[in-house]
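Tertiary structure, described
Here is how the chains run, residue by residue.
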Amino acid sequence: MNSFQRPLVDDLVRLLTDELTPRIVAVTGPRQSGKTTLVRHALRRLQASGIPGRHIGVDDPQAGLGEPFAASETATVPIDPRLRNADWLVGVWDRARDRAWRHERGFVLALDEIQYVEGWSAVVKGLWDRDRETGCPLKVIVLGSAPWSLLTGRGESLAGRFMPLDVRHWSLQEMVIAFDLTLNEYLFFGGYPGAASLIRDMRMWRGYVVNAIIAPVFGRDILALTRVDKPALMRQLVDLVPEYSGQIVTYTNLVGRLRDAGNVTTVGHYLDLLSDAGIVAHLPNYSGSAVRRTRSSPKLNVLNTGLMTALSGYSLDQALADRTFWGRVVESAIGAHLHNTLEAAMSLSYWRDDPDEVDFVLAQGPRVLGIEVKSGTRARPGRGLQAFKQRFPKARTLLVGGERGVPLNEFLAEPASHWLEGDG
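Residues numbered from 1 in each chain as written. Predicted model: local features only at pLDDT ≥ 70, side-chain atom pairs only at ≥ 80, totals over all residues. Heavy atoms only, no water.

Let us now look at the packing of aromatic side chains. The geometry of an aromatic ring pair is captured by the separation of the ring centres together with the interplanar angle, meaning the angle of the planes. Within the structure shown, the criterion is met by twelve aromatic pairs. Relative to Trp205, the ring of Phe189 has its centre 4.9 Å away and its plane inclined at 85°; by these criteria the two rings are edge-to-face. Linking Phe189 in helix 7 (residues 183-189) with Trp205 in helix 8 (residues 202-225), this pair joins segments that are 16 residues apart in sequence. Of the two residues, Phe189 and Trp205, neither departs from the other in class, the shared state being buried. Ring geometry for Phe388 and Phe392: centres 5.0 Å apart, planes at 50°, overall tilted. When its relative accessible area of 0% is taken as the criterion, Phe388 is described as buried. By way of ring pairs, the aromatic residues Tyr286, Trp351, Phe388 and Phe392 are connected into one cluster. (Phe/Tyr/Trp six-rings, centres within 6.5 Å; stacked < 30°, edge-to-face > 60°. Helix = DSSP H or I, 4+ residues; strand = E, 2+ residues; numbered from the N terminus. Buried < 20%, exposed > 50% of the residue type's maximum accessible area, 1.4 Å probe, protein only.)

In structure tokens form, the structure reads like this:
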């Protein structure tokens, strides 16, 4: 694992060395997707090429400021949480500016979990604009465990001042190369690099997912960044939705499973927040009509299967023995892979017209692909794909898994765009 670097490291280094269009680089994505490690790899590579930098963990609960730029350039600087305010941010930025002016190749400042500095976007906007006026060769990275829209809020705009770098859940190939996982291990444990070393101890692994991923997403990310009027309801939803992954549900049924009072509008909004946080997607029913899609019952799909299996109580062997549950794990893994590799203007949905159903519909402009997933080795295509083709004659169809479909490992090795553009 120590020698493995995600391809995104190359992208980050390229963005930081682009002198023609300097921007703040915003590294965002789900919790425990490797954002901090990614930035540290990039800083070390830049250091080796003669560009110094510093990573500062804004949420680090340890000692005070000390001398933030006196030690090794790429070491994390612990920060007293009581000093996470605008004045502190200006002070750190000023010291980074000083280093940038004094070094012939500038300086890189990485601010991790930037959302914990209240009003940070307005401060950064002013500091960055000042640097552009003076020509200061300071390069800046901001990191956060949330989408950019949630990190900045609605009060300030950094449009034109940043370049996004979206860090998504780890793929099958990355987990195989870095941790030597088998296909079934990846399907069950998902793409969490921090938890990979714990998969031989189910108690430890399950505790890591619940306490280091699920709980902080609710308590430290969503509640810290947006208004949640019913936090108890939201917390129940966090625990409930992985149970429904791979299933079509109605908002009314979800509300009925929750102990606290809520309505379908509130639940729908909270599902949007969970999707933004990398927990679960709620897919609409494809019909070619935007109106119908927004009103349909959603299909829930976890964005990392480790979330689903950790809360199930199953071991890998037990999950494999339960054919119904394993089928939902496999289907959820395919859905997560498609969602995590979507490109701009692509959409992911499902299709159902009783009694016919297609697991996923991938679309971009006029291109439409219906996908059916089979988990058993002898599984054959159902009537869903045929019915879908009859309903949408210009669409293509694809079977994944089973004896006649694309093997699961091959499908998970290519992004959504590859399958949408294919000739199958």
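From this point on, the discussion continues.
Judged by pairing direction, the sheet is antiparallel, and its three strands sit side by side in the order 7-9-8 without closing on themselves. Only two strands of the sheet have a single neighbouring strand rather than two, namely strand 7 (247-248) and strand 8 (280-283). Relative to strand 9 (residues 299-302), strand 7 runs antiparallel, the two sharing two bridges. Bridged to Gln247 within strand 9 is Leu300. Across the sheet, helix 11 (residues 264-276) lies against strand 8 and strand 9, angled at about 130° from strand 8, the strand it touches most. Packed on one face of the sheet, helix 15 (residues 323-340) meets strand 7, strand 8 and strand 9 and runs near 80° to strand 9. (Pairing = 2+ DSSP bridges. Contact = heavy atoms within 4.5 Å. Axes fitted to C-alpha atoms, helices over the stretch in contact; angles between N-to-C directions.)

The sheet built from four strands is open, its strands ordered 10-11-12-13 with mixed pairing. Either end of the sheet is taken by a strand with one partner, and the two such strands are strand 10 (347-353) and strand 13 (396-400). Strand-to-strand, the axes of this sheet are offset by a mean angle of 30°, without reference to chain direction. Note: strand 12 (residues 367-373) against strand 13, five bridges, orientation parallel. Bridge assignment links Ile371 to a residue of strand 13, and that residue is Leu398.

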